[in-house]
Amino acid sequence: MDKVCIQGEKQLNGTVHISGAKNACMAMLAASLLTEDVCILRNVPDLRDVRFFIQLLETLGVKVEKLSPGEWKLQAANITHEASYDLVRQMRASVCIMGPLVGRLHKVSLPLPGGCVIGNRPIDLHLYGLQKLGCKISMNSGIIHVTADQLRGNSIFLGGRFGSTVTGTANLVMAATLTPGTTIIESAACEPEIVDLCKLLQQMGASIEGIGSPRITIVGQKQLRGFDYTVIGDIIEAGTFLIAGLITNGHLKIDQFCPEHLGALLHILEEIGGKFTIDTHHNSVEIFPCLDQLKPFHTTTLPYPGFPTDLQAQMCVLGLCIPGLSLITERIYPQRFMHVAELQRLGGNIILENSTAILQGPSRFSGADVMASDLRASAALYLAGLVSKGETFVHRVYHLDRGYENFDQKLNQLGASIKRIPDNS
Ligand code: EPZ
């Protein structure tokens, strides 16, 4: 197991290319289960979670071939409906196989995903939606069994206590593409990852309207064909680099993603005096040194197009670098604050009040040993390490490798000083 050593107080400058979107890839890889035909997915990031998902598909019988870096060929000619505990327990996104297997085979059996450090993550909305399509749900020894003699299109309200569900929407849309009749999903997720998935499904011959809106209408087809699709750029990775550039007072160009997808973050940056330009034609954002001009902010995480919860931890670091009092309220995962204690270890002046982080800036960060607890918390510890005096050691860095492709390398190319060392502690 590795840890990283980050030499702090280095300004980041230059251009960084964003990788394919992890959270779009999972559902898209699962979409290959909807057809016997050959499917090709491009711009797939080389991440721990992606490798796991491909392994999961192989255990279901999908033939998988890596054509070249980032390009995968998949064919689900003969598949089974049972997923193993060993893989599903390691990655929540495994639930994305439910919808396509129900659509194609009218059955799926998978272990109920376990706990998660970022908070309670039930799948009741996924199961409720499948029941509305005619499925029977049973649970035995921790395994969920979903079966349907016959599927029938229906209206499904998918809004939960915390708003819409992203993978829940993906599952229901995929199941509905092969479900006879018309399915209407109300309070559907509008995330760019869902829009990208729906476009891929349309390429397979699916009939989908209302893409990108909270009301999606799907008319079921008898069968779907294969796809050849290129995944969008990772919005959360782009947002993480944007914040890295701001807190190091650097001049960064971030490209290969769609700037509109980061509307909520760019809106805040505009409000607080950020200096940046957007080039929608070349899919890039350029930021200029402006740290000493930034004003504090108040924001709340919300479903898209609101401020993304997956940037909340990184935004805490920005708040700690800006003079004054900034506030961030977490509405999607109210307990998602594992990074707070570790940022305090680095000197971050944070108070947690229920689900609101009260951030007093400018905090004087100084390097220390800190522990990563989850994917986005580890990114926040990297950012704090970049602006800390001396060396910061981030332990359990495998959390970061789940969702950031070549993160150390990309940061070092921008002028950071990060090295990986075996963690014998
Ligand atoms: C997706 O998770 C992302 N993961 C998460 O990113 C992201 O944080 C989340 O959406 C919200 O944007 C993937 O796409 C693989 P949800 P998902 O269902 O789909 C509650 C990262 O860092 N809920 O939209 O699992 C749930 O508890 C990861 O890359 C129910 O109550 O999230 C949460 O409070 C972390 N019942 C809220 O809804 C359900 O059946 C939103 O969850 C489903 C969800």
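Residues numbered from 1 in each chain as written. Predicted model: local features only at pLDDT ≥ 70, side-chain atom pairs only at ≥ 80, totals over all residues. Heavy atoms only, no water.

### Topic: the sheet that holds strand S3 (residues 38-42)
What counts, and what does not: Should DSSP find at least two bridges between two strands, the strands are regarded as paired. Helix and strand definitions follow DSSP, with helices as H or I runs of at least four residues and strands as E runs of at least two, each counted in order from the N terminus. Note on geometry: axes are lines fitted to C-alpha atoms, helical ones only across the stretch in contact, with angles between N-to-C directions running from 0 to 180 degrees. The contact criterion used is simple: two residues touch if any of their non-hydrogen atoms lie within 4.5 Å.
Strand order in the open sheet formed by four strands is S4-S5-S3-S13, and the pairing between neighbours is mixed. Edge strands, defined here as strands with exactly one partner in the open sheet, are strand S4 (63-68) and strand S13 (228-230). Averaged over all neighbouring strand pairs, the angle between strand axes comes to 20°, with direction disregarded. Alignment of S3 against strand S5 (residues 71-75), held across four bridges, turns out to be antiparallel. Counterpart to Val38 in the pairing with S5 is Gln75. Seen against the sheet, helix H7 (residues 192-203) touches S3 and S13 and runs at an angle of roughly 160° to S13.

### Observations concerning the pairing of S3
Two strands pair when backbone bridges link them, and S3 and S13 are joined in this way by three bridges, in the parallel orientation. Directly across from Arg42, in S13, lies its bridge partner Thr230.

### Regarding the packing of helix H8 (residues 235-247) against helix H9 (residues 263-271)
For clarity, the threshold we go by: Angles below 35 degrees are treated as roughly parallel, those above 145 as roughly antiparallel, those between 65 and 115 as roughly perpendicular, and all remaining angles as oblique. Each crossing is labelled by how the near helix is turned from the far one, with a counterclockwise turn of less than a right angle marking it left-handed and a clockwise turn marking it right-handed. Classification used: nonpolar for Ala, Val, Leu, Ile, Met, Phe, Trp, Tyr, Cys and Pro, charged for Asp, Glu, Lys and Arg, polar for all others including Gly.
It is the contact of H8 with H9, at a shortest axis distance of 11 Å, that shows an interaxial angle of 20°. The orientation of H8 with respect to H9, classified from their angle, is roughly parallel. For the element pair H8 and H9, the recorded crossing hand is left-handed. Residue-level contacts link Gly239, Leu242 and Leu246 of H8 to Leu265, Leu266 and Leu269 of H9. Across the contact of H8 with H9, the residue classes tally to five nonpolar, one polar and no charged.

### Section: the pairing of strand S10 (residues 182-186)
Looking down a regular strand, the side chains alternate between one sheet face and the other. For clarity, the cut-off: Look down the strands so they point away from you; if going from the first strand over the helix to the second traces a clockwise path, that crossover is right-handed.
Sheet topology note: the strand S9 (residues 155-157)/S10 ladder contains three bridges and is parallel. Pairing of Ile156 across the sheet is with Ile185, part of S10. After leaving S9, the chain enters helix H6 (residues 166-176) and then returns to the sheet as S10, a path that is right-handed. Pairing geometry for S10 and strand S12 (residues 215-219), over five bridges, is antiparallel. Considered in S12, the bridge of Thr183 is made with Ile218.

### Focus: unusual backbone geometry
Peptide bonds are, in most cases, trans, and in most cases residues other than glycine have a negative phi. Heads up, the rule is: Accessible area is worked out with a 1.4 Å probe on protein chains only. A residue is then buried under 20% of its type maximum, exposed over 50%, and partly exposed in between.
Along the chain, Tyr304 connects to Pro305 via a cis peptide bond; the corresponding omega equals 10°. In this structure, Pro362 follows Gly361 across a cis peptide bond, with omega equal to 0°. Along the polypeptide, Pro362 turns up in the loop between strand S20 (356-361) and strand S21 (369-371). The phi torsion at Asn43 lies on the positive side, around 60°, for a residue other than glycine. At Asn283, a position not held by glycine, the phi torsion is positive, near 50°. Positionally, Asn283 belongs in the loop between strand S15 (276-279) and strand S16 (284-287). Overall, the relative accessible area of 31% leaves Asn283 in the partly exposed class.

### Some words on the sheet that holds strand S6 (residues 107-111)
Taken together, three strands build an open sheet; the order of strands is S6-S8-S7 and the sheet is antiparallel. The sheet is open, and its two borders are formed by S6 and strand S7 (136-140), each paired with just one other strand. Taking each pair of neighbouring strands and ignoring which way they run, the sheet shows an average axis angle of 15°. Two elements, S6 and strand S8 (residues 143-147), share five bridges in a ladder whose sense is antiparallel. Residue pairing in the sheet places Val108 in a bridge with Val146 of S8.

### Re the pattern of salt bridges
Let me state the cut-off plainly: One side-chain nitrogen of Lys or Arg within 4 Å of one carboxyl oxygen of Asp or Glu is enough to make a salt bridge.
Applying the stated criterion across every chain yields a total of 14 salt bridges. The salt bridge partner of Glu71 is Arg42, with a shortest N-O separation of 3.2 Å. A residue pair is termed long-range when its members are at least 10 positions apart, and Glu71 in strand S5 and Arg42 in strand S3 qualify at 29 residues. For Glu71, a relative accessible area of 23% translates into the label partly exposed.

### A look at the nonpolar core
This is how the line gets drawn: For our purposes a nonpolar core is just a set of buried Ala, Val, Leu, Ile, Met, Phe, Trp, Tyr and Cys residues, chained together by side-chain atoms within 4.5 Å.
If you look at the biggest cluster of nonpolar residues, it comprises 78 residues, and the most contacted ones within it are Phe53, Ile97 and Leu201. Top contributing element to this core by residue count: helix H1 (residues 22-31), with eight residues. When near neighbours in sequence (up to four residues on either side) are disregarded, Ile97 contacts Ala30, Leu33, Phe53, Leu56, Leu57, Leu60, Ala83, Leu110 and Asn171. In terms of nonpolar packing, the next biggest core, distinct from the first, is built from 71 residues, Phe241, Leu269, Leu291 and Cys316 among them.

### Remarks on the state of the cysteines
Keep this limit in mind: Two cysteine sulfur atoms form a disulfide, by the criterion used here, when they sit within 2.5 Å.
Using the criterion set out here, one finds zero disulfides in the structure. The thiol of Cys96 is not disulfide-bonded; the next cysteine sulfur, from Cys25, is found 11 Å away. Of all cysteine sulfurs in the structure, the one in Cys316 sits closest to Cys321, which takes part in no disulfide; the separation is 11 Å. Cys321 gets classed as buried once you look at its relative accessible area, which sits at 11%.

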